[in-house]
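Residues per chain, in single letters:
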Amino acid sequence: MSAQSMMAAVYHDYGPPEVLRYEEIARPTAGLGEVIVKVRAVSVNAFDLMAREGRYTPNKGRFPHILGADFGGELAEIGPGVQRPLEAGQRVTSWWVVPCGYCEQCLGGNWNRCALDYRYIGAHLHGAYAQYVKVPAINIVPIPDEMSFEEAAAFPTAYGTAWHMLVTRARVAPGEDVLIQAAGSGVSVAGIQIAKLAGARVFVTSSTTEKLERARQIGADITINYKQQDFRDEIMRITGKRGVDLVFEHVGGDVFEASIRSLTRGGRLVTCGGTADYTVKFNIAHVFHKELTIIGSNSATRGELDVMMPLLRAGKLKPIVDRTFPLSEAAEAHRYVDGRHQFGKVILLPEHAA
């Protein structure tokens, strides 16, 4: 392999995990205001699976495509015009959003709402399922020495999304009851820690005893196995028919209405997606009669990642890595995540000669 090439996990068409191939491709070079990062670890996100399957097609059929929004690595190349004080070899991760920077929303500081040219690394742009990835220098987030590359890869999307949902959008408050759906997912693991740090009583749901026990270990107060119990009925029983103040939701499908019906009067539901199904059905009477608020939340801002850094250094937030796979086994990692076996993040490890 030459200095101008690298190994990457790519796909040439939408389909099952088998479409991911480990191939030699051209190594990126840094353009104006860009950097190249030597990838040491990259996480598998739910939208990676959706993009690979063709349920979500931000690359608009441009192949081959490289997934991977979240990574930990070292700066390998700094392009021309970079004004930030960055150094080769510096340990970094990255904000995964690439906004236009000049629309009404961006100029107002709402970069995650960019109205003109909103892109994700690994979705619209080539990502980090590779030995090297190219990103705008403004997106780079230095990481503390105490943070492993695997933890760095587990951090940005999961913790950024959860923080934006709970703190920025839903304004979680001490003493509130918060329901976190799908406790084993990366964003829910982050949500449990953030809600607990905010002083909430945390309810979680999952399909296995093992995941519920691990959720308790990181701060969950009340656990509900939705395979064995109707979670809405159980919440009403525990709260004396009151319901919870806030639901943290990203599953969609049939879970959405049961989540709404789990809320107390004046409660709120915050959602960032629909990993099961984007289409939801619910009785609107439950919303207006109880004066509920449904809150949309989209990704995170660059500044929110910086806000969390002192909490990471102090150990108050701790990215959870479920297991790792070599990058060459990306297809197997996708099968593992698709089977919902993980608690926390699944990480791919690129191999390097040095």
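Provided above is the structure to which this section pertains.
Only a predicted model underlies this, so the values are computations on that prediction, with no experimental measurement involved.

Quick notes on the rules
- Residues numbered from 1 in each chain as written.
- Predicted model: local features only at pLDDT ≥ 70, side-chain atom pairs only at ≥ 80, totals over all residues.
- Heavy atoms only, no water.
- Phe/Tyr/Trp six-rings, centres within 6.5 Å; stacked < 30°, edge-to-face > 60°.
- Buried < 20%, exposed > 50% of the residue type's maximum accessible area, 1.4 Å probe, protein only.
- Helix = DSSP H or I, 4+ residues; strand = E, 2+ residues; numbered from the N terminus.
- Lys NZ or Arg CZ within 6 Å of the ring centre and 35° of its normal.
- 1 Å grid on protein atoms, 1.4 Å probe; cavity = no way out; pocket = protein on both sides within 12 Å on 5 of 7 lines; lining within 4 Å.
- Points joined across faces, edges and corners; volume = space filled by probe spheres on them.
- Nonpolar A, V, L, I, M, F, W, Y, C, P; charged D, E, K, R; others polar.
- Pairing = 2+ DSSP bridges.
- Right-handed = clockwise from strand over helix to strand, strands pointing away.
- Core = buried A, V, L, I, M, F, W, Y, C linked by side-chain atoms within 4.5 Å.
- Contact = heavy atoms within 4.5 Å.
- Arc of directions from axis to C-beta.
- Axes fitted to C-alpha atoms, helices over the stretch in contact; angles between N-to-C directions.
- Polar contact = N/O pair within 3.5 Å; in protein donor to acceptor, adjacent residues only side chain to side chain.
- Parallel < 35°, antiparallel > 145°, perpendicular 65-115°, else oblique.
- Left-handed = near helix turned anticlockwise from the far one by under 90°.

Peer 1: So what exactly am I meant to see when it comes to the packing of aromatic side chains here?
Peer 2: Within a pair of aromatic rings, the relevant descriptors are the distance that separates the centres and the angle that separates the planes. Overall, the coordinates contain eight aromatic pairs when judged by the stated rule. Both rings, one in tyrosine 118 and one in tyrosine 120, keep their centres 5.3 Å apart while their planes meet at 65°; by these two values the pair is edge-to-face. Residue tyrosine 120 is classed as buried on the basis of its relative accessible area of 9%. Here phenylalanine 256 and phenylalanine 282 contribute two aromatic rings whose centre-to-centre distance is 5.6 Å and whose plane-to-plane angle is 40°, an arrangement assigned as tilted. With phenylalanine 256 in helix α8 (residues 255-260) and phenylalanine 282 in the loop between β15 (263-271) and α9 (284-289), this pair connects stretches of sequence that are 26 residues apart. Through a chain of ring-to-ring contacts, the aromatic side chains of Tyr11, Tyr14 and Phe63 assemble into a single cluster. Just above the ring of tyrosine 132 sits the side chain of arginine 27; from NZ or CZ to the centre is 3.8 Å. For the cation-ring pair, arginine 91 lies above phenylalanine 149, with the distance from its terminal atom to the ring centre recorded as 4.7 Å.

Peer 1: Looking at this structure, how should I read the layout of surface pockets?
Peer 2: In this approach, a probe sized like a water molecule rolls over the atoms, and the result shows the empty space that is left. The volume enclosed by the largest pocket comes to roughly 1,300 Å³. Around the largest pocket, the lining comprises 49 residues; the ones closest to its centre are Ala46, Ser185, Val187, His250 and Thr275. If you list the elements that add at least two residues to the lining of the largest pocket, you get α1 (46-53), α4 (156-169), α5 (186-197), β12 (201-206), α11 (330-338) and β18 (345-349). Considering every element that reaches the lining of the largest pocket, the biggest residue donor is α1, with five residues. Residues of the lining of the largest pocket, tallied by class, amount to 22 nonpolar, 21 polar and six charged. Estimated volume of the second largest pocket: approximately 610 Å³. Considering the residues around the second largest pocket, the lining is formed by 34 residues, among which Glu34, Leu125, Lys134, Val135 and Pro136 are closest to the centre. Elements represented by at least two residues in the lining of the second largest pocket include exactly β1 (5-11), β2 (20-26) and β9 (132-136). For the lining of the second largest pocket, a count of residues per class yields 22 nonpolar, seven polar and five charged.

Peer 1: Please clarify how the sheet that holds β1 should be interpreted in this entry.
Peer 2: The pairing of strands in a sheet comes from backbone hydrogen bonds and takes either a parallel or an antiparallel form. In space, the three strands of this open sheet follow the order β2-β1-β4, with antiparallel pairing throughout. Edge positions in the sheet fall to β2 and β4 (65-66), since each has one partner strand and no second. Strand direction decides the pairing type here: β1 and β4, joined by two bridges, are antiparallel. For tyrosine 11, the partnering residue across the bridge sits in β4 and is histidine 65.

Peer 1: Quick question: what am I supposed to make of the pairing of strand β17 (residues 321-326) here?
Peer 2: Note that β17 and β18 share five bridges and pair parallel. Counted as the bridge partner of arginine 323 is valine 346 from β18. Crossover connection from β17 via α11 to parallel β18: handedness right-handed.

Peer 1: I would appreciate a short explanation of the nonpolar core in the present structure.
Peer 2: Val35, Tyr129, Val204 and Leu348 are the most contacted members of the largest nonpolar core, which has 103 residues in total. Of all the elements, strand β3 (residues 34-44) adds the most residues to this core, at seven residues. Those residues within four positions of valine 204 in sequence are excluded, and the remaining contacts are Leu179, Ile180, Ala183, Ile192, Leu212, Ala215, Ala220, Ile222, Thr223 and Ile224. One finds Ile222, Ile235, Val247 and Leu292 within the second-largest nonpolar core, a separate group that totals 14 residues.

Peer 1: So what exactly am I meant to see when it comes to helix α6 (residues 209-217) here?
Peer 2: Side chains three or four residues apart in an α-helix point the same way, a direct result of the helix having 3.6 residues per turn. Buried within α6 are the following residues: Lys211, Leu212 and Ala215. Angularly, the buried residues of α6 cover 100° about the axis, an arc narrow enough to put them on a single face. Of the exposed residues in α6, those oriented more than 90 degrees away from the buried face are Thr209, Glu210 and Gln217. Those residues of α6 that are buried lie in contact with α5, β12 and β13 (222-225). Following α6 by one or two positions, glycine 219 adopts a phi angle in the positive range, close to 130°.

Peer 1: Got a minute to help me understand the sheet that holds strand β14 (residues 244-249) in this structure?
Peer 2: Within the open sheet, the six strands sit side by side as β13-β12-β11-β14-β15-β16. Their pairing is parallel. Two strands lie at the open edges of the sheet, namely β13 and β16 (293-296), each paired on one side alone. Direction aside, neighbouring strands of the sheet carry axes that sit 20° apart on average. The sheet contact formed by strand β11 (residues 177-180) and β14 spans three bridges and is parallel. Of the residues in β14, the one forming a bridge with leucine 179 is valine 247.

Peer 1: In this structure, what is going on with the side chain of serine 43? I would like to understand it.
Peer 2: Summarising the element assignment, serine 43 is placed in strand β3. Reaching out from serine 43, the side chain makes a polar contact with the backbone oxygen of alanine 153 at a distance of 3.1 Å. Among residues more than four places away in sequence, those in contact with serine 43 are Asp48, Asp70, Tyr129, Ala153, Lys345, Val346 and Ile347.

Peer 1: Would you mind showing me how to read the packing of α1 against α11 here?
Peer 2: The axes of two packed helices give the description: the angle between them and the distance between them. Look at α1 against α11: their axes get within 10 Å of each other, and the N-to-C directions meet at 110°. As far as their axial angle goes, α11 and α1 are roughly perpendicular. Here the hand of the crossing between α1 and α11 comes out left-handed. Together, Asp48, Leu49, Arg52 and Glu53 of α1 and His334, Val337 and Asp338 of α11 make up the contact between the two elements. A breakdown of the residues in the contact of α1 with α11 according to their chemical character gives two nonpolar, one polar and four charged.

By themselves, these observations are geometric and do not establish any function.
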